[in-house]
Amino acid sequence: MIIGVPKEVKDHESRVGITPAGVKALSEAGHKVLVETHAGELSAFTDDAFQSAGAEIVGSAHNVWGMADMVVKVKEPVEKEYGFFREGLVLFTYLHLAPLPVLTDKLLAKKVTGIAYETIRDKQGTLPLLTPMSEVAGRMSVQVGAAYLEKEKGGRGVLLGGVPGVPPAKVCIIGGGIVGTNAAKVALGMGARVKIIDLNLNRLRELDDIFNGRLITVASNSYNVARATAESDLVIGGVLIPGAAAPKIVTRAMVAGMMKGSVIVDVAIDQGGCIETAKPTTHSDP
Ligand SMILES: NC(=O)c1ccc[n+]([C@@H]2O[C@H](COP(=O)([O-])OP(=O)(O)OC[C@H]3O[C@@H](n4cnc5c(N)ncnc54)[C@H](O)[C@@H]3O)[C@@H](O)[C@H]2O)c1
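Below is a summary of the structure that appears in this document.

Definitions and cut-offs
Residues numbered from 1 in each chain as written. Predicted model: local features only at pLDDT ≥ 70, side-chain atom pairs only at ≥ 80, totals over all residues. Heavy atoms only, no water. Patch = residues over 30% accessible without salt bridge, like charges linked within 9 Å, V, L, I, M, F, W, Y side chains within 5 Å. Areas by Shrake-Rupley, 256 points an atom, 1.4 Å probe, with all protein chains shown as cover. Salt bridge = Lys/Arg side-chain N within 4 Å of Asp/Glu carboxyl O. Helix = DSSP H or I, 4+ residues; strand = E, 2+ residues; numbered from the N terminus. Near = heavy atom within 4 Å. Polar contact = N/O pair within 3.5 Å; in protein donor to acceptor, adjacent residues only side chain to side chain. Nonpolar A, V, L, I, M, F, W, Y, C, P; charged D, E, K, R; others polar. Buried < 20%, exposed > 50% of the residue type's maximum accessible area, 1.4 Å probe, protein only.

## Considerations on a nonpolar patch on the surface
- Side chains of Val136, Met140, Val144 and Tyr148 sit close together on the surface and give an oily, nonpolar patch of about 320 Å² of accessible area.
- Inspection of the secondary structure assignment puts methionine 140 in helix 5 (residues 131–148).

## Details of the environment of leucine 34
- Within the secondary structure, leucine 34 is located in strand 2 (residues 32–36).
- Each C-alpha atom of the pair leucine 34 and asparagine 63 lies 9.2 Å from the other, and the pair is 29 residues apart in sequence.

## What to know about the site of the ligand
- Looking at the ligand, there are 23 residues lining it, with Ser134, Val179, Asp198, Ser220 and Asp270 nearest.
- Contact distances for the ligand include 2.7 Å between a nitrogen atom and a side-chain N or O atom of serine 220.
- Its free accessible area being 860 Å², the ligand has 82% of it covered by the protein chains.
- Where the shell around the ligand is concerned, the elements lending two or more residues are helix 5, helix 6 (178–189) and strand 8 (193–198).
- Among the elements that take part in the shell around the ligand, helix 5 stands out by supplying three residues, more than any other.
- Here the residues of the shell around the ligand are counted per class, giving 12 nonpolar, nine polar and two charged.

## Some points on unusual backbone geometry
- With a phi angle near 55 degrees, lysine 111 is a residue other than glycine that sits in the positive phi range.
- Within the element layout of this structure, lysine 111 appears in the loop between helix 4 (101–109) and strand 6 (113–116).
- Take lysine 111: its relative accessible area is 53%, and that puts it in the exposed class.
- Here the phi dihedral of asparagine 212 falls at roughly 50 degrees; this positive angle occurs in a residue that is not glycine.
- By the secondary structure assignment, asparagine 212 is in the loop between helix 7 (201–210) and strand 9 (216–219).

Here it is as structure tokens:
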């Protein structure tokens, strides 16, 4: 198979769809790997490193997409990549189609076979290609949320851990899966008071055991979510219904009931978001 790896073009995306180790494994299995020039630059993988591993360096995205049987990427294609779609092409990447009907229609119209990383399940039924991203995003959500709680960024001016004589911040995490668990680890590590809300009571039992009572578990319903969001400095959204748009758990009215300067980080935004008022933004225009 000819496998093409174009340079990512989404705003501020610095990752690349393959490492030199991946190129070597595919080459050894008899495939030909085409990597767009400078594709790995922002991830500190040079063209030379890819070439030494067996890749052929190709000068343009047009040629990578055009010559490949399968394109391997990180993010869903953006508009300027739609013109590369053609019948028979296999596209292996995070697709997150639930909130992207235009992209979905384009893929269907061109009969592209899209394999979305985030929907691939292993034998245990878990999502092995989503999990590492959820671990990163969950941990970062607290780090980013803490920064936006600073006065300078328009926040309440609250320190997650408080100080002696001043209580710690309240963090409410909606969804107790991979994102939620990793967010809880960092929030607890920074000294916050943490509440996790999930629909699955067995998951809440596990979390209660894992964290040995250091966080509060709450069953997900609109009454509990409204109370928790109203009292929280930082709300993190991390619910998932695999392959579907995220349910809107936090309504516009609940957001209006939150404290001035409190912060929301909706990690589920790739599936449309679980906070009614959330919309995708970019690093250029956060
Ligand atoms: N933005 C990013 O960079 C990024 C990265 C990774 C994951 N994500 C997204 O984060 C979200 C969570 O991913 P995950 O890997 O933690 O999923 P997960 O399946 O591990 O966890 C989701 C949790 O949500 C719970 N849930 C479902 N409906 C609920 C409801 N009504 N109320 C409360 N909880 C509910 C489930 O019981 C489950 O425990 C997904 O939308 C995923 O796509 C985003």
